[in-house]
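Single-letter residue listing:
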Amino acid sequence: MRPGFGTYREDGRLYASVMGLLSARPPFARVIPLAGRYIPQKDDLVLGVVQAVGPTYWLLDIRAPHFTPLHVSGVPWQLDYGETVEYLRPGETVLVRVEGLDENRRVGVSMSGPNLGKLDGGFLVEISPSKVPRVIGKSGSMIQLIQGSTGARLVVGQNGRVWIEGGPEQIRKVREVLQLIDEEGQRRGLTDRVKALLAAQGSGGRGSDASFQDQAEEEKE
């Protein structure tokens, strides 16, 4: 393995330079910090929220230190100059791929590719980027468990954003599970605790319906 973000090599061995979770993408090994902002890496799939629209680009918030431009050359549509606002508006969510970073760590993203594009409707939740591997699980086992048990559809970005499509009750259940993973994802036995929570939700939940409904009403206001 070669050293990636959050790691370094010394005397032929790899070491972590930050406290976090190991994420191996052969031939690179990297460590995702347990705290801090999302640090973009090439080929990451991230969920961006449109912040502003220019004549040839959109500015996205991908939870990086700076807003990221999505240029018209990186979308699957044929646009004339100034038509950008007709395709994406501020507040809308898109799934994009990090194409690269320059020497100043400015990020380039693209929406051209399989499964990339605009996500209509849904509900966006943010968790620590370090917990994304636990939300996905080994070979997608955790996300399959969550979707199968709640009936909701999830799209997970490497930047710690999760887009949830479903009814209010489905969204509430998924949010509870994501909160559990975000708070306890570093502990052993996570899958068993998630299964127990999903089982409790199916039999009436943990009595937290009111708090989640109140929070949802506050967010709408």
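Residues numbered from 1 in each chain as written. Predicted model: local features only at pLDDT ≥ 70, side-chain atom pairs only at ≥ 80, totals over all residues. Heavy atoms only, no water.

Caption draft 1: Quick look at the overall build of the chain. Helices and strands together make up the secondary structure of the chain, namely 5 helices and 14 strands. Of all 221 residues assigned to the chain, the portion counted as buried reaches 39%. The long-range fraction of contacts in the chain, counting pairs at least 24 apart against all pairs at least 6 apart in sequence, stands at 56%. On the chain, roughly 12,200 Å² of surface is accessible, and the fraction owed to carbon and sulfur atoms is 49%. (Helix = DSSP H or I, 4+ residues; strand = E, 2+ residues; numbered from the N terminus. Buried < 20%, exposed > 50% of the residue type's maximum accessible area, 1.4 Å probe, protein only. Contact = heavy atoms within 4.5 Å. Areas by Shrake-Rupley, 256 points an atom, 1.4 Å probe, with all protein chains shown as cover.)

Caption draft 2: Looking closely at the sheet that holds strand E4 (residues 20-25). With mixed pairing, 3 strands are arranged side by side in an open sheet as E1-E5-E4. Strands with a single pairing partner mark the edges of an open sheet, and in this sheet they are strand E1 (2-3) and E4. Of the strand pairs in this sheet, E1 and strand E5 (residues 28-33) are connected by 2 bridges, and their pairing is parallel. Bridge pairing links Arg2 to Phe28 in E5. (Pairing = 2+ DSSP bridges.)

Caption draft 3: Here's a closer look at the pairing of strand E6 (residues 45-53). Pairing of E6 with strand E9 (residues 93-101) involves 5 bridges; the strand directions are antiparallel. Following the sheet pairing, Val49 is matched in E9 by Thr93. For E6 and strand E7 (residues 57-61), the ladder comprises 4 bridges, and the chain directions are antiparallel. By the bridge assignment, Val53 is partnered in E7 with Trp58. Taking the residues between adjacent antiparallel strands as the criterion, E6 and E7 are bridged by 3 residues.

Caption draft 4: Up close: the packing of helix H3 (residues 168-184) against helix H4 (residues 190-202). Across the interface, H3 lies against H4 with an axial gap of 10 Å and an inter-helix angle of 155 degrees. Regarding the angle of H3 to H4, the classification is roughly antiparallel. Like other packed secondary-structure pairs, H3 and H4 cross with a definite hand, here right-handed. On H4, the residues touching Lys173, Glu176, Val177, Leu180, Ile181 and Glu184 of H3 are Leu190, Arg193, Val194, Leu197, Leu198 and Gln201. For the contact of H3 with H4, the class distribution of residues is 7 nonpolar, 1 polar and 4 charged. (Axes fitted to C-alpha atoms, helices over the stretch in contact; angles between N-to-C directions. Parallel < 35°, antiparallel > 145°, perpendicular 65-115°, else oblique. Left-handed = near helix turned anticlockwise from the far one by under 90°. Nonpolar A, V, L, I, M, F, W, Y, C, P; charged D, E, K, R; others polar.)

Caption draft 5: Region of the structure containing the side chain of Thr68. In this structure, Thr68 sits in strand E8 (residues 68-71). For Thr68, the contacting residues outside a window of four places in its chain are Trp58, Leu59, Leu60, Ile62, Val107 and Val109.

Caption draft 6: Structural context of the packing of aromatic side chains. Under the counting rule described, the total for this entry stands at 3 aromatic pairs. Aromatic pair Tyr8 and Tyr15: ring centres 5.6 Å apart, planes at 25 degrees, arrangement stacked. Judged by relative accessible area, which is 38%, Tyr8 ranks as partly exposed. Grouped by ring-pair contacts, the aromatic residues Trp58, Trp77 and Tyr87 constitute a single cluster. (Phe/Tyr/Trp six-rings, centres within 6.5 Å; stacked < 30°, edge-to-face > 60°.)

Caption draft 7: Looking closely at unusual backbone geometry. The residue Arg63 is not glycine, and still its phi comes out positive at about 70 degrees. Of note, the phi angle at Asn115 is positive, near 70 degrees, even though the residue is not glycine. When its relative accessible area of 74% is taken as the criterion, Asn115 is described as exposed.

Caption draft 8: Quick peek at the environment of Gln170. In this fold, Gln170 is placed in helix H3. With residues up to four places along the chain from it excluded, the contact list for Gln170 reads Thr150, Gly151 and Ala152. At a separation of 3.1 Å, a polar atom in the side chain of Gln170 contacts the main-chain carbonyl oxygen of Gly151. At 2.7 Å, the side chain of Gln170 forms a polar contact with the backbone nitrogen of Gly167. (Polar contact = N/O pair within 3.5 Å; in protein donor to acceptor, adjacent residues only side chain to side chain.)

Caption draft 9: Fine view of the pattern of salt bridges. If you walk through the whole model with that rule in mind, you get 12 salt bridges. Where Arg153 meets Glu165, a salt bridge forms, and the shortest distance between an N and an O atom there is 3.5 Å. Taken together, the positions of Arg153 in strand E13 (residues 153-156) and Glu165 in strand E14 (residues 161-165) put the pair 12 residues apart, joining distant regions of the chain. Taken together, the salt bridges that share partners define one network made up of Asp61, Arg63, Glu126 and Arg161. (Salt bridge = Lys/Arg side-chain N within 4 Å of Asp/Glu carboxyl O.)

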